[in-house]
Structures are given as C-alpha cells and as structure tokens.
Protein chains: 10
Amino acid sequence: MLFHVQMDVQIPHSLDPEVAAQLIAKEKAYSQELQRSGKWRHIWRIVGEYANYSIFDVEDNAELHQLLSNLPLYPFMKISVTPLCRHPSSVREDDS
Amino acid sequence: MLFHVQMDVQIPHSLDPEVAAQLIAKEKAYSQELQRSGKWRHIWRIVGEYANYSIFDVEDNAELHQLLSNLPLYPFMKISVTPLCRHPSSVREDDS
Amino acid sequence: MLFHVQMDVQIPHSLDPEVAAQLIAKEKAYSQELQRSGKWRHIWRIVGEYANYSIFDVEDNAELHQLLSNLPLYPFMKISVTPLCRHPSSVREDDS
Amino acid sequence: MLFHVQMDVQIPHSLDPEVAAQLIAKEKAYSQELQRSGKWRHIWRIVGEYANYSIFDVEDNAELHQLLSNLPLYPFMKISVTPLCRHPSSVREDDS
Amino acid sequence: MLFHVQMDVQIPHSLDPEVAAQLIAKEKAYSQELQRSGKWRHIWRIVGEYANYSIFDVEDNAELHQLLSNLPLYPFMKISVTPLCRHPSSVREDDS
Amino acid sequence: MLFHVQMDVQIPHSLDPEVAAQLIAKEKAYSQELQRSGKWRHIWRIVGEYANYSIFDVEDNAELHQLLSNLPLYPFMKISVTPLCRHPSSVREDDS
Amino acid sequence: MLFHVQMDVQIPHSLDPEVAAQLIAKEKAYSQELQRSGKWRHIWRIVGEYANYSIFDVEDNAELHQLLSNLPLYPFMKISVTPLCRHPSSVREDDS
Amino acid sequence: MLFHVQMDVQIPHSLDPEVAAQLIAKEKAYSQELQRSGKWRHIWRIVGEYANYSIFDVEDNAELHQLLSNLPLYPFMKISVTPLCRHPSSVREDDS
Amino acid sequence: MLFHVQMDVQIPHSLDPEVAAQLIAKEKAYSQELQRSGKWRHIWRIVGEYANYSIFDVEDNAELHQLLSNLPLYPFMKISVTPLCRHPSSVREDDS
Amino acid sequence: MLFHVQMDVQIPHSLDPEVAAQLIAKEKAYSQELQRSGKWRHIWRIVGEYANYSIFDVEDNAELHQLLSNLPLYPFMKISVTPLCRHPSSVREDDS
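Reading the values: the criteria
Residues numbered from 1 in each chain as written. Chains lettered and ligands numbered in written order. Predicted model: local features only at pLDDT ≥ 70, side-chain atom pairs only at ≥ 80, totals over all residues. Heavy atoms only, no water. Helix = DSSP H or I, 4+ residues; strand = E, 2+ residues; numbered from the N terminus. Contact = heavy atoms within 4.5 Å. Least-squares fit on C-alpha atoms with pLDDT ≥ 70 in both. Pairing = 2+ DSSP bridges. Axes fitted to C-alpha atoms, helices over the stretch in contact; angles between N-to-C directions. Buried area = accessible area lost by both parts, 1.4 Å probe. Polar contact = N/O pair within 3.5 Å; in protein donor to acceptor, adjacent residues only side chain to side chain. Buried < 20%, exposed > 50% of the residue type's maximum accessible area, 1.4 Å probe, protein only. Salt bridge = Lys/Arg side-chain N within 4 Å of Asp/Glu carboxyl O. Nonpolar A, V, L, I, M, F, W, Y, C, P; charged D, E, K, R; others polar. UniProt positions renumbered as here; feature names shortened; annotations may be inferred.

Time to look at the environment of Glu-59 of chain D. All names here are of chain D. Positionally, Glu-59 belongs in the loop between strand E3 (51–57) and helix H2 (61–69). Between the C-alpha atoms of Glu-59 and Lys-39, which are 20 residues apart in sequence, the distance is 9.0 Å. Setting aside chain neighbours within four positions, we find Glu-59 in contact with Met-1 and Lys-39.

In structure tokens, the structure reads:
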C-alpha cells in the first residue's frame with residue numbers, strides 16, 4: 001500500500017553541529033536500510049529546499065507511523081502524508 | 001531529469017457528459033502512451049480526490065511543458081510542478 | 001485500518017431540485033449501508049455547515065478510494081483524507 | 001454533546017528532556033482517566049505527525065474548556081475545536 | 001451556552017431579484033423572532049461587508065445547527081461557528 | 001461605536017513565571033475596570049484556546065487603540081479589530 | 001475618523017456591457033461627490049489590478065457602512081476595512 | 001510616484017529595552033525628517049497593531065528601497081510594497 | 001525602472017472559441033510590440049501553467065498600469081506586480 | 001534551461017554580526033562569480049524586502065540544486081524554484 005510523504009527538515013541553528021552531523025548520518029543509514037527493504041520505495045530531493053518527496057510501501061497506517069516516527073530527524077521535521085492508490089490510467093502493475 | 005507534478009482535475013458540471021467521456025478516454029490513451037515511452041514514469045491517484053501525483057522524466061523544461069499542455073484535460077486542470085534531483089540518501093541509481 | 005475523512009458538499013444552485021433530492025436520498029441510503037457493514041464507522045455533522053467528519057475502517061487505500069468515489073454526491077464534494085493509527089494513550093482496543 | 005478536537009503538540013527543543021518526559025507521562029494518565037470516564041470518547045494519532053484527532057462528549061462548552069485547559073501539555077499545544085451534531089444519515093443512536 | 005457565529009452571505013447575481021427580496025424579508029423575520037426568544041442574542045453588521053457576527057444562546061450543538069440550517073438564506077451563506085465560554089476576567093454573570 | 005476584537009495571547013515559555021503571573025493579574029484588573037466603565041462590553045473565552053472575542057464600545061478609533069495598546073499583555077498579543085455597525089435585522093436598540 | 005478601505009472589483013463577464021458601463025459611470029460620479037465632500041479623502045489605483053486603496057474620513061462606523069453599501073458597484077466588490085488612528089510619529093495634524 | 005507601504009514591527013522580547021528605546025527614538029526622528037521632506041506623505045497607525053500603513057512619494061523604486069532599508073527598525077519589520085497610480089475617479093491632482 | 005509581473009490567465013470555458021482565438025492573437029501582437037520597444041524586457045512561460053513571469057522596464061507606475069490594463073486578455077487575468085531595484089550583488093549595469 | 005528562483009533571507013538576530021558580515025561578503029563573491037559564468041543570469045532586489053528574484057540558466061535540476069545549496073547564506077534562506085520555458089510570444093531567442 002503506497003503513501004506519498006513530504007518531509008521538510010528544519011534543524012535549529014542552535015543545535016551543536018556535531019550532534020547535527022551525527023543525526024544526519026543516522027538518518028541516511030536508516031533511510032537506506034528502509035529503501036533496501038522495499039518499504040521506502042523512492043526519495044527525491046526538492047530542488048533548492050532541505051526537503052524531500054518520498055513514496056512508502058507499507059502494510060498499513062500503523063507501520064507507516066512507526067517508520068516515520070523513528071526517523072532520527074523526526075523531531076526537526078514537518079511531515080505531510082497522502083494516501084495513494086492505483087490510478088486507472090497507470091500501466092504499471094506495481095504502482096498501487 | 002525528474003519532475004514531480006500534481007494535477008487537480010475540475011471538469012465543469014455544465015460540460016456535455018459525452019464530450020467529457022471522450023476527453024477522459026483521450027486523456028487515458030495519451031497518458032498510457034507517455035508512460036510506455038518512459039516520459040511519464042509514475043502516476044498515482046490521490047485517495048478521495050480527482051487528482052494525481054505524477055513523476056515525469058524529460059529532457060528539459062520545454063519538453064515537460066509541451067507534454068503537459070497537450071493533455072486533453074489540460075484546460076480543466078490545475079497543475080503544480082516541482083523540480084526534483086537525486087537525494088543524497090537514495091540507493092536507486094535511476095531516481096534522478 | 002482507520003481514516004479520518006472531511007466531506008464538504010457544494011451542490012450548485014443551478015442543479016434541478018428534483019435531481020438534487022434524488023442524489024441526496026441515494027447518498028443517505030449508500031451511507032447507511034456502509035455504516036451497517038462497519039466500513040463507515042462514524043459520521044458527524046459539522047454545526048452550521050453542509051459538511052461532515054467521518055471515520056472509515058477499510059482494508060486499504062484502494063478500498064477507501066472506491067467507497068468515496070462511489071458516493072452519489074462525489075462530483076459535488078471536496079474531500080480530504082487523513083490516515084489514522086492507534087494513539088499510544090488510547091484505552092480502546094478497536095480504535096486503530 | 002460531541003466536539004471534534006484537533007491537537008498539535010510542539011514541545012520546544014529547549015525544554016529539559018526530563019521535564020518533557022514527566023509532562024508526557026502526566027498527559028497520558030490524564031487522557032486515559034478522561035477516556036475511562038467517557039468524556040474523551042476517541043483519540044487517534046495522525047500518521048506522521050505529533051498530533052491527534054479526538055472526540056469529546058461533554059455537558060457544555062465550559063466543561064470542554066476546563067478539560068482542555070487542564071491538559072498537562074496545554075501550554076505546548078495548538079488546539080482547534082469544532083462542534084458536532086447528529087448527522088441525518090447516521091445509523092448510530094449515540095453519535096450525537 | 002454561547003456560540004460565536006460568522007455569516008457571510010453571497011447571493012448569486014443570477015438569482016431572480018424578487019425571489020432574493022422575499023428570501024431577505026423572510027430572513028429578517030426569522031432572525032427577529034429568534035432574537036426576541038433570546039436564542040439569537042446579538043447580531044452586528046461587519047462594516048463594508050454583506051456579513052455579520054452573531055452570538056447565539058442555545059441548549060446544545062444540535063439546537064444551534066437546527067436554527068442555522070433553517071435560515072432562509074442558509075444555501076447562500078458561508079457559516080463559521082466558534083464555541084464560547086465564560087472568560088475568567090468577565091464581570092458579567094450572563095456572558096457564558 | 002462598537003468594535004469586534006479578537007485577542008490571541010502567546011506568552012513566551014522563557015518568560016519568568018512570576019512576571020507572567022503579575023502581568024496576568026494586571027490584565028484582569030485592567031479588563032474588569034474597562035468592563036465596569038462600559039468601554040469593554042463583552043469578553044468571551046474561545047474554547048480550547050488562550051484567546052478571546054471581545055466587543056468594545058468607544059468614542060472613536062483613537063480611544064480604541066489607546067485602550068488596546070495599554071493592555072498589560074499587549075506585547076504578547078496578536079490583535080485583530082473589525083468595525084461593527086447596527087444590523088438592519090437587529091431588535092436591540094443598543095447594539096450599534 | 002479615518003479608515004483604510006481596500007476595494008477589489010469583479011464585474012461578472014456575463015453582465016450586459018451597457019449595464020456595466022452605466023454602473024461604472026454612476027460609481028465615478030458617486031465617488032467624486034464623496035471626495036468633494038471630504039468624506040472620501042483619497043483613492044489610488046493599485047497598479048495592474050481592478051482595485052483601489054482608499055482613505056475615508058467619517059463620523060463613525062455606521063456612516064462608513066452607509067457610504068460603502070451605497071456604492072453602485074458594491075454588489076461586485078470585495079471590501080476590506082481597517083480602522084486607523086494618528087501615528088505617534090506623524091507630523092500632519094489632520095492625519096487622524 | 002506613489003507607493004503604499006505596510007510595515008509590521010516585531011521587536012524580539014529578548015532585545016535590551018534600552019537599545020529598543022533608542023531604535024524607536026531614531027525611527028521617529030528619521031520618519032519625521034522624511035515626512036517633512038515630502039518623501040513620506042502619510043503614516044497611519046493600524047488600530048490594535050504595532051503596524052502602519054504609509055504612502056511614499058519617491059523618484060523611483062531605487063529611492064524607495066534606499067529609504068526603507070535605512071529605517072532604524074528595518075531588521076525587525078515585515079514590509080509589503082504596492083505601487084499606486086492615479087485613480088480615474090480621483091479629483092485630487094496630486095494623488096499620483 | 002524595473003517591475004516583476006506575474007500574469008495568470010483564466011479564459012472562461014463559456015467564451016466563444018473564435019473570440020478567444022482573436023483575443024490571444026491580439027495579445028501576442030501587443031506583447032511583441034512592447035517587447036520590441038524595450039518596455040516588456042522579458043516574458044517566460046511558467047511550466048505547466050497558463051501563466052507567465054515578466055519583467056517590465058517603464059518610466060513610472062502610471063505607465064506600467066497603462067500597459068497592463070491595455071492587455072487584450074486583461075479582463076481574464078490575475079496580475080501581481082512587484083517593484084524591483086538593483087541588487088547590490090548584481091554585475092549587470094542594466095538590471096535596475 | 002531557465003529557472004525562476006525567489007530567495008528570502010532571514011539571518012537570526014542572535015548571529016554574531018561579524019560572522020554575518022563574512023557570510024554576506026562570501027555570498028556576494030559567490031553570486032558574482034556565478035553571474036559572470038552565465039549560470040546566474042539575473043538578480044533583482046525586491047523593494048522593501050531582504051529578498052531577491054533571480055533567473056538561473058543551468059544544465060539540469062541537479063546543477064541548480066548544487067548551485068543553490070552551496071550559497072553561503074543557504075541555511076538562512078527560504079527558496080522557491082519555478083521551472084520556466086520559452087513563452088510563445090517571446091521575441092528573444094535566448095529566453096528559454
């Protein structure tokens with residue numbers, strides 16, 4: 001089941017740069033692990049912003065919330081979730 | 001080069017239903033042709049709305065505008081385009 | 001799996017009142033059938049508005065879109081869907 | 001009498017984590033006590049957000065304000081209240 | 001129990017002026033009857049707009065919705081309801 | 001001459017609680033004095049918010065600004081003023 | 001007593017051009033009469049828009065509403081009123 | 001050439017009150033000097049807000065930016081500029 | 001003197017296509033004439049929208065309003081004007 | 001390939017003025033280098049704001065993101081990117 005997720009990151013300027021760097025490294029590792037597992041299907045950078053559009057493929061709403069709320073940068077993100085379903089014009093079997 | 005496109009369709013209630021049906025059929029054929037060519041990578045229905053999120057893979061801005069402005073339902077759409085690039089955490093080689 | 005759905009109805013003043021009355025009657029029957037099946041858990045009127053907040057319990061996103069897009073008043077509604085999950089403070093076993 | 005309440009929580013990053021943890025524990029206890037009393041009928045987590053949709057069943061506006069303003073996290077919440085009434089299509093006797 | 005109600009009226013230019021005049025006359029009579037009964041405590045014109053701020057004193061949410069949805073101009077209004085309660089600084093015994 | 005005033009209070013979390021308590025006590029005394037003088041006709045708490053809707057009865061715009069800018073909590077308020085006049089349907093002689 | 005008024009005009013495309021021309025001519029005459037009387041102190045065109053910013057000098061809110069609601073184009077305007085008072089830095093005696 | 005300028009001032013609560021008082025005094029002197037020169041034609045306080053509407057009469061865009069960016073409170077202001085021109089209904093020769 | 005202008009075009013579906021085509025042809029001729037004169041420096045299509053960003057180089061506000069209000073499609077446009085001046089980092093002598 | 005970029009700068013008041021001055025100097029040098037290379041075609045100051053409208057001419061989305069994210073003031077900017085293409089009415093060969 002697919003969801004469209006927009007993440008806007010806003011790390012406070014007052015955060016210790018070393019702590020920030022560690023969080024960002026953990027975020028990357030966590031994201032890549034989920035991508036490899038197939039849960040996090042796509043992630044694209046929005047040009048000019050510290051933000052991304054992502055596509056998640058999960059069992060249900062609860063799993064999505066668990067994955068998102070465990071993001072290392074979650075406390076510094078504004079997240080917006082949109083449920084998706086197969087478009088009647090889609091030619092791809094796996095896009096639903 | 002990838003772009004995120006949101007399309008909201010609002011066909012006026014006054015439009016002749018037969019004309020509307022023809023436009024929708026043409027829209028579907030046009031969309032599927034572009035999907036098969038690889039230009040229109042993804043299209044997902046937004047749940048509960050006459051709207052979609054799509055990913056386009058085009059040569060440049062001009063090609064994207066040409067593809068979008070030729071949509072049979074273009075006069076009845078509100079379209080919003082966001083340029084994308086590869087996310088530094090992405091594990092997919094082709095998501096840029 | 002639960003979803004929060006807001007529906008705002010705007011029937012055009014130009015619509016034939018008889019047609020409108022028929023649509024509204026069909027809408028009521030359709031809604032009550034879904035409520036009795038357990039798919040449409042709750043529906044509340046927003047005071048002073050031709051609008052409702054509803055809770056749906058469905059298998060997945062696709063089923064929710066199918067239920068919503070079959071609403072007799074769907075062409076005259078603005079719908080906004082929010083995925084829900086169990087709140088860690090909830091004492092109800094079935095609210096997820 | 002039912003009310004729809006949206007609560008968005010924003011605990012400042014500067015708050016002592018221990019103080020925050022205590023507030024969150026108190027919040028949970030307070031919420032569960034009200035849920036068991038029947039005043040706080042439902043609480044659902046909004047997926048991907050530190051926020052909830054809730055349904056309150058209270059005697060009147062004054063009681064609702066008293067319950068909300070006593071929330072331990074009240075100083076860190078943005079709350080939006082919508083009065084509800086029975087929907088003419090509802091099949092549930094107690095949803096009003 | 002008090003509620004703050006904002007009503008914005010937008011009568012379509014295509015409405016027969018005679019029908020509009022009848023609706024406006026009925027609206028006035030209906031409003032004055034409710035004002036005399038004490039249900040509609042206050043009504044003020046917003047300067048420069050076809051809109052009003054009103055204060056209603058009703059038994060519960062259901063009564064408020066019934067009063068509002070019976071407004072002769074209801075189909076042409078955008079209504080926004082805010083529940084009120086006694087302010088801790090108020091010196092008026094009846095303002096709650 | 002009547003004005004509708006919405007006041008949203010946002011006391012910064014960093015403010016010394018004792019200073020805040022003193023300001024709130026002064027605010028209450030100031031408000032009650034103006035209410036007794038008839039200048040501040042009504043004040044209602046908006047349910048679930050640290051905010052109020054008020055009705056002021058003043059000589060002119062200048063007097064209203066003087067009263068508002070002297071509020072002890074003025075530096076922490078967002079204030080929105082709407083001029084009112086007698087509604088043609090009003091049955092109250094003093095609501096203008 | 002001064003008020004800042006923004007007027008946005010939106011004459012429907014379906015209005016008979018001759019009727020529109022008559023309304024616009026009446027509007028101009030009405031505006032100039034009020035300007036000469038001193039009630040309508042200033043009127044400026046907003047560049048690129050069918051809109052104006054104006055300054056009115058009236059006895060009270062009621063007079064302002066009467067002047068505005070008698071505008072020949074009033075049914076086709078969106079009006080927004082802001083009460084003004086003398087700025088403490090102003091060097092003009094008559095700007096209040 | 002006239003411009004409509006809205007200035008919203010938001011001095012941070014953390015600013016040293018003495019520094020703030022000096023800035024405000026400089027702001028007043030600067031404003032009055034420009035008013036006397038004819039560059040800053042009008043300044044009005046918006047009732048209930050730390051904000052003003054102003055009219056500037058300048059040679060060109062560059063001069064307006066220079067005047068605004070030299071305001072002592074500029075770093076604490078949100079400024080919005082609207083170009084004006086003579087309204088076809090204006091009876092004042094100098095309002096353009 | 002430079003201005004940034006955003007134009008959003010919304011030709012009503014009810015407009016006779018032949019009339020629309022004539023207006024669009026006139027619009028193109030008018031635009032190209034102004035571009036050749038140097039008044040309309042740039043015009044770019046916004047991808048996916050019936051809209052453009054343009055840069056005008058005019059004598060003053062009045063000239064800009066005259067040029068814009070004479071656009072053949074002006075009655076079907078939403079226009080937003082922003083005054084520009086030379087950026088201190090600009091290396092181009094003529095960009096002001 | 002052209003892009004319209006809006007940059008709003010908001011340097012926190014708490015930033016060391018010397019650090020801010022260094023960043024601003026670096027920003028200017030970086031901007032001028034890109035302007036001279038032809039990548040950053042235009043930059044205009046928005047009158048009355050610490051903001052600019054710019055036009056970039058880049059190979060693709062990725063290059064644009066790289067240029068923007070390397071801006072010395074990037075952490076203090078809100079950036080909004082709009083893809084452009086040649087307008088059918090344009091007379092300039094190089095505006096695409």
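One chain copy maps onto the other through a rotation about an axis and a shift parallel to that axis. Each copy of the sequence occupies a distinct position, and chain C is placed on chain A by a rotation of 180° and an axial shift of 0.0 Å, giving an RMSD of 0.0 Å. Here the copies are linked by what is in effect a two-fold axis. Most of the interface of chain C is mirrored in chain A, where 100% of its interface residues are also at the interface.

Within the closed barrel, the eight strands sit side by side as E1(G)-E3(G)-E2(G)-E4(H)-E1(H)-E3(H)-E2(H)-E4(G). Their pairing is antiparallel. Shown here is a sheet whose adjacent strand axes are inclined to one another by a mean of 35°, direction ignored. In this structure, strand E2 (residues 40–46) of chain G lies alongside strand E3 (residues 51–57) of chain G, joined through five bridges in antiparallel fashion. Looking at the pairing, Ile-43 of chain G lines up with Ser-54 of chain G of E3 of chain G. Together, strand E1 (2–9), E3 and strand E4 (77–86) of chain G form the strand contacts of helix H2 (residues 61–69) of chain G, whose direction differs from that of E1 of chain G by roughly 25°. Together, strand E1 (2–9), strand E3 (51–57) and strand E4 (77–86) of chain H form the strand contacts of helix H2 (residues 61–69) of chain H, whose direction differs from that of E1 of chain H by roughly 25°.

Overlaying chain D with chain C gives an RMSD of 0.0 Å, the required rotation being 180° about an axis along which the chain moves by 0.0 Å. Residue by residue, 100% of the interface of chain D is reproduced at the interface of chain C, so both copies engage with the same surface.

Moving on to the interface of chain D and chain C. Each partner contributes to the interface: chain D provides 29 residues, whereas chain C provides 29 residues. Together, Trp-44, Arg-45 and His-87 of chain D form the three largest contributors to the area buried by chain D at its contact with chain C, with a combined 23%. For the interface between chain D and chain C, the tally reads 19 residue pairs in polar contact (both at pLDDT 80 or more). Of all the elements in the fold, those that place two or more residues in the side of chain D that touches chain C are strand E1 (2–9), helix H1 (17–37), strand E2 (40–46), E3 and strand E4 (77–86) of chain D. A total of six residues in the side of chain D that touches chain C trace back to one element, the largest contributor, which is E2 of chain D. One ladder, built from three bridges, connects strand E2 (residues 40–46) of chain C with E4 of chain D; its direction is antiparallel. Bridge assignment links Arg-45 of chain C to a residue of E4 of chain D, and that residue is Cys-85 of chain D.

Right, let's talk about the pairing of strand E3 (residues 51–57) of chain E for a bit. Residue and element names in this part refer to chain E. By the criterion of burial, E3 is predominantly enclosed, with six of the seven residues buried. In this sheet, E3 lies alongside strand E1 (residues 2–9) in antiparallel orientation, the contact comprising seven bridges. By the bridge assignment, Gln-6 is partnered in E3 with Tyr-53. Two successive antiparallel strands, strand E2 (residues 40–46) and E3, enclose a turn made up of four residues, where Gly-48 displays a positive phi of approximately 85°.

Attention now moves to the interface of chain C and chain A. In this assembly, 11 residues from chain C lie in contact with 11 residues from chain A. Interface of chain C and chain A: buried area, both sides summed, is about 770 Å²; carbon and sulfur atoms make up 75% of it. Put simply, chain C and chain A have zero salt bridges between them. Across the chain C-chain A interface, the total number found is four residue pairs in polar contact (both at pLDDT 80 or more). Per-element accounting of the side of chain C that touches chain A gives the leading share, four residues, to strand E4 (residues 77–86) of chain C. For the side of chain C that touches chain A, the residue count by class is eight nonpolar, two polar and one charged.

What follows is about the arrangement of the chains. Chain A makes no contact with chain G; the smallest distance between any of their C-alpha atoms is 30 Å. Separating chain C from chain H is a minimum C-alpha gap of 30 Å, and the two share no contact.

The positions that UniProt labels "domain: Muconolactone isomerase" (unreviewed entry) are, in the present scheme, residues 1–89 of chain A. Between the C-alpha atoms that bound residues 1–89 of chain A the distance is 18 Å, and the span itself is 34% helix and 36% strand.

Here we come to the side chain of Ser-89 of chain G. Looking at where Ser-89 of chain G falls in the secondary structure, it is placed in the segment after E4. Apart from the residues lying within four places of it in its own chain, the contact partners of Ser-89 of chain G are Lys-28, Ser-31, Gln-32 and Gln-35 of chain H.

Bringing the sheet that holds strand E2 (residues 40–46) of chain F into the picture now. In space, the eight strands of this closed barrel follow the order E1(E)-E3(E)-E2(E)-E4(F)-E1(F)-E3(F)-E2(F)-E4(E), with antiparallel pairing throughout. The mean inter-strand angle of the sheet, taken between neighbouring strand axes irrespective of direction, is 35°. The pairing of strand E1 (residues 2–9) of chain F with strand E4 (residues 77–86) of chain F spans seven bridges and is antiparallel. Following the sheet pairing, Val-5 of chain F is matched in E4 of chain F by Val-81 of chain F. Of the strands in this sheet, E1 and strand E4 (77–86) of chain E together with E2 of chain F touch H2 of chain D, which is tilted by about 70° from E4 of chain E. The sheet strands contacting helix H1 (residues 17–37) of chain F are E2 and E4 of chain F, and the helix crosses E2 of chain F at an angle near 135°.

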